[in-house]
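# Residue-level structure breakdown
Residue-level listing of the chains:
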Amino acid sequence: LNATKDPQTSQNISWMSNPVLANPKAIVQYAEKTEYTQNGVSAFRTLEGTSDIIEMASSGNVATNYAVRVNSVNITGLKAGTEYVYKVGDGLFTSDVKTFKTQDADNETHFFIIGDTQAADMTNISNISAALKSSDLDFDFGWNHESILR
């Protein structure tokens, strides 16, 4: 699940697949969880997105695994504050059913990220993490290179 411009009414879903074995299709099936619980797979709606081969390690040779297929679908028109079920696939293979919930109406998400700074001395990053943990700052979640906070 990826960040989206409007988390109340949309959800981006991306995944990687084997560029040799997978079909070049990105398909998401999704439904409101309550509808899925009542009606099973007949509740699913299907969307097709993009599926692109991305070169890794300077090679485009998919037979030697220097590339991956990156799949992405953007679901729009969702209801705020609603739990959904979804599965991803390529038309032949599908994932297990997973869940996500859209953001409640009139709600904002506050977060921070501290990436891998490549610093040999982690003192400053550890101090920042400790200060965030002990502060009264209002954030929903945070991530640093060592752990997820909250």
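This structure is a prediction, so every number in the text was calculated from the model and none was measured.

### Some words on the sheet that holds strand 6 (residues 83–89)
Taken in spatial order, the four strands make up an open sheet running 3-2-6-7, and their pairing is antiparallel. This sheet does not close on itself; its edge strands, each paired only once, are strand 3 (45–48) and strand 7 (98–101). Taking the axes of each pair of neighbouring strands and ignoring which way they run, one obtains an average angle of 30° across the sheet. Two strands pair when backbone bridges link them, and strand 2 (residues 27–32) and strand 3 are joined in this way by four bridges, in the antiparallel orientation. Across the sheet, residue tyrosine 30 finds its bridge partner in strand 3, namely arginine 45.

### So, the pattern of salt bridges
The final tally for this structure, using the stated rule, is two salt bridges. Here lysine 79 makes a salt bridge to glutamate 32, at a shortest N to O gap of 3.1 Å. Taken together, the residues span a long stretch of sequence, with lysine 79 in the loop between strand 5 (67–75) and strand 6 and glutamate 32 in strand 2 at a distance of 47 residues. The class of lysine 79 is partly exposed, set by a relative accessible area of 48%. Between glutamate 83 and lysine 33 there is a salt bridge whose closest N-O contact spans 3.8 Å. Here the residue glutamate 83 occupies a position in strand 6, and lysine 33 occupies one in helix 1 (residues 33–39), the gap between them amounting to 50 residues.

### A closer look at the packing of aromatic side chains
Aromatic ring pairs: the centre-centre distance and the angle between the two ring planes describe each pair. Counting across every chain of the model gives three aromatic pairs. Summarising the aromatic geometry, the rings of tyrosine 36 and phenylalanine 44 are spaced 5.2 Å apart at their centres and angled 40° between planes, so their arrangement reads as tilted. On the accessibility criterion, tyrosine 36 (23% relative accessible area) is partly exposed. When its relative accessible area of 12% is taken as the criterion, phenylalanine 44 is described as buried. Between tyrosine 86 and phenylalanine 100, the ring centres sit 5.7 Å apart and the planes meet at 50°, which makes this aromatic pair tilted. Of this pair, tyrosine 86 sits in strand 6 while phenylalanine 100 sits in strand 7, and the two are 14 residues apart along the sequence. Here the two residues tyrosine 86 and phenylalanine 100 agree in accessibility, since each one is buried. Among the aromatic residues, those joined into a cluster by ring pairs are Tyr84, Tyr86 and Phe100.

So, how was this worked out
Residues numbered from 1 in each chain as written. Predicted model: local features only at pLDDT ≥ 70, side-chain atom pairs only at ≥ 80, totals over all residues. Heavy atoms only, no water. Pairing = 2+ DSSP bridges. Helix = DSSP H or I, 4+ residues; strand = E, 2+ residues; numbered from the N terminus. Axes fitted to C-alpha atoms, helices over the stretch in contact; angles between N-to-C directions. Salt bridge = Lys/Arg side-chain N within 4 Å of Asp/Glu carboxyl O. Buried < 20%, exposed > 50% of the residue type's maximum accessible area, 1.4 Å probe, protein only. Phe/Tyr/Trp six-rings, centres within 6.5 Å; stacked < 30°, edge-to-face > 60°.

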